[in-house]
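# Coordinate analysis (summary)
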Amino acid sequence: MKLTPKLVSILVLCITLSSVTAFGTLPLTSFVIEVAYDGTLFNGWTASSNESSQQTVDITRKQRGRSRRNRLRPSVKDGEIRSVEQSLKYSLAKLYGNVDPGRIVVEGCSRTDKGVHSKGSCALVYCMNDNNTHESFPIDGKRIPHPMHAQDGAFKEVPFKSDLKQLVFAMNKMLPPDVRIRNSSPMPSRKDDAEGRPFHPSLDSKGKIYRYTFSVGEINDPIRNRDVFHVPHCDTIDISRAKECAKILCGHHDFEPFRASFRGNERGKEQNTMCTIHSIDIKEEDGPSTSLCKTYQIDIEGDRFLYKQVRLMVGVIINYAKSDVSIEYVKNILESKVWPESEDGLQLLPRYCAPAHGLCLRSVVYDSDFEFDWVMEEEEKVMV
């Protein structure tokens, strides 16, 4: 058959139409997910360099009895290092057609510490083609290719013909039980269509909201020992003193003394330690209370947070609420940028970092310039 110009144009049109989804747009190649997880058995958000440490429990059809029942009970084997990012990568690699998990990119909004929980982490997801290079689509400070928009053809098409609702359903069936996808949206674009750097979940974050939950009393609640820190040797605290301390920590300060030392290959890293804490709200938790235990919540909202900053701030608030330190002690930390070793001739305890299991990332605030198109309404979101 001779290819005439008219026939060529018909073929081009057919190929174009075949790549169009049911919604009349080009296929999606990148999307955003809202992730919730119980951080108890995770080594944090970031994936381990040991790719052989697969976190997803594989249950075959032949397995029965105890092995099949235990798929709902995640555990950590000796030498295994689990991370939220790696769990997501392995599940997505299967949905993309059993590709190499190294081709899956999950750009998180922040790296939560070992044991920290989340109900609203945000991550950008896409799958690189074989021909992607590290020099393409650069973003300052990032070493991997990055899509320019939600339908960037240089990356692999999203599974299920770009149906994100179906993708969320499939992922939640495959992920371990301590990780769930609450919602999803195509990679957002700027509302005004202005040219600029494409969306990035950490670079475009304008703030985060954390909640720390702790209890005091003679006996802790054993049912909530994974997400509530029970302050030892403390029967009661002065909530008014806790709020007084919170007021001092609010505002724009140099929080260098509230940053833990970097470890591993990040030793010696220079970092901007100026942060703005917008609000700290402290209240007794709603619900029935007993004479043996009372539970409190500390909600902290800020533009950015340093390594273990929230936990160190909570430690100071609890110590002041217990009357272990004075208000001058708290002010001196911010002004002198060091932790006093003594006060009124008394030797003080070293700075106190509240345990990780009481901390939860509640939500991430993004620049209003970006418009998200979440596929699930509030009542449809996966409840955790």
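By the naming in an unreviewed UniProt entry, the protein is tRNA pseudouridine synthase, taken from Chaetoceros tenuissimus. The UniProt entry for the protein carries this comment under Catalytic activity (unreviewed entry): "uridine(38/39/40) in tRNA = pseudouridine(38/39/40) in tRNA".

### Topic: the nonpolar core
Leu 88, Phe 214, Phe 258 and Ile 280 are the most contacted members of the largest nonpolar core, which totals 88 residues. Here this core takes 9 residues from helix H6 (residues 309-321), the largest share from any one element. If we ignore the near neighbours within four places in the chain, the residues touching Leu 88 are Ile 33, Val 35, Trp 45, Val 106, Met 171, Leu 175, Val 179 and Ile 181.

### Some details on the pairing of strand S10 (residues 293-302)
Among the 10 residues of S10, 8 are classified as buried, and the element is accordingly described as predominantly covered. For strand S6 (residues 205-217) and S10, the ladder comprises 10 bridges, and the chain directions are antiparallel. Across the sheet, Gly 217 pairs through a bridge with Cys 293, a residue of S10.

### Comments concerning the pairing of S6
For S6, a buried count of 11 out of 13 residues is recorded, marking the element as mostly surrounded by other parts of the structure. With 7 bridges joining them, S6 and strand S13 (residues 359-366) adopt antiparallel strand pairing. By the bridge assignment, Arg 211 is partnered in S13 with Cys 360. Of the pairings in the sheet, the one linking S6 to strand S7 (residues 229-230) comprises 2 bridges and is parallel in character. For Ser 215, the partnering residue across the bridge sits in S7 and is His 230.

### A look at the pattern of salt bridges
Overall, the coordinates contain 11 salt bridges when judged by the stated rule. The residue Asp 178 makes a salt bridge to Arg 82 at a minimum N-O spacing of 3.0 Å. One end of the pair, Asp 178, is in the loop between helix H4 (164-174) and strand S4 (179-186); the other, Arg 82, is in the loop between helix H2 (65-69) and helix H3 (84-95), and 96 residues separate them in sequence. Given the relative accessible area of 3%, Arg 82 is considered buried. One salt bridge connects Asp 367 with Lys 206, and the closest N-O pair in it is separated by 3.9 Å. Linking Asp 367 in the loop between S13 and strand S14 (370-371) with Lys 206 in strand S6, this pair joins segments that are 161 residues apart in sequence.

### Comments concerning the side chain of Asp 254
Residue placement: Asp 254 occurs in strand S8 (residues 251-254). The buried category is assigned to Asp 254, whose relative accessible area is 13%. At 3.1 Å, the side chain of Asp 254 and the backbone nitrogen of Glu 256 are in polar contact. Of the polar contacts made by the side chain of Asp 254, one reaches the side chain of Lys 337; its length is 2.9 Å. In this structure Asp 254 touches Thr 273, Met 274, Leu 334 and Lys 337, once residues within four positions along its chain are discounted.

### Description of H3
With 12 residues, H3 extends 17 Å between its outermost C-alpha atoms, agreeing within 8% with the 16 Å of an ideal straight helix rising 1.5 Å per residue. Most of H3 sits inside the fold, with 11 of its 12 residues counted as buried. If you check which residues of H3 are buried, you get Val 84, Glu 85, Gln 86, Ser 87, Leu 88, Lys 89, Tyr 90, Ser 91, Leu 92, Ala 93 and Leu 95. In this fold, the buried residues of H3 make contact with strand S1 (30-37), strand S2 (104-108), strand S3 (117-127), H4 and S4. After H3 finishes, the residue Gly 97 shows a positive phi value of roughly 105°.

### A look at the packing of aromatic side chains
Inspection of the entire model under this criterion finds 12 aromatic pairs. Considering the side-chain rings of Tyr 210 and Phe 305, the 5.2 Å spacing of their centres and the 85° angle between planes classify their relative orientation as edge-to-face. Of the two residues, Tyr 210 sits in strand S6 while Phe 305 sits in the loop between S10 and H6, which places them 95 residues apart along the sequence. A relative accessible area of 10% places Tyr 210 in the buried class. Judged by its relative accessible area of 16%, Phe 305 is buried. Ring plane angle 25° and centroid distance 5.6 Å describe the contact between Phe 214 and Tyr 296, whose orientation is recorded as stacked. Of this pair, Phe 214 sits in strand S6 while Tyr 296 sits in strand S10, and the two are 82 residues apart along the sequence. Assigned by exposure class, Phe 214 and Tyr 296 land together as buried.

Parameters at a glance
- Residues numbered from 1 in each chain as written.
- Predicted model: local features only at pLDDT ≥ 70, side-chain atom pairs only at ≥ 80, totals over all residues.
- Heavy atoms only, no water.
- UniProt positions renumbered as here; feature names shortened; annotations may be inferred.
- Core = buried A, V, L, I, M, F, W, Y, C linked by side-chain atoms within 4.5 Å.
- Buried < 20%, exposed > 50% of the residue type's maximum accessible area, 1.4 Å probe, protein only.
- Helix = DSSP H or I, 4+ residues; strand = E, 2+ residues; numbered from the N terminus.
- Contact = heavy atoms within 4.5 Å.
- Pairing = 2+ DSSP bridges.
- Salt bridge = Lys/Arg side-chain N within 4 Å of Asp/Glu carboxyl O.
- Polar contact = N/O pair within 3.5 Å; in protein donor to acceptor, adjacent residues only side chain to side chain.
- Expected span 1.5 Å × (residues − 1).
- Phe/Tyr/Trp six-rings, centres within 6.5 Å; stacked < 30°, edge-to-face > 60°.

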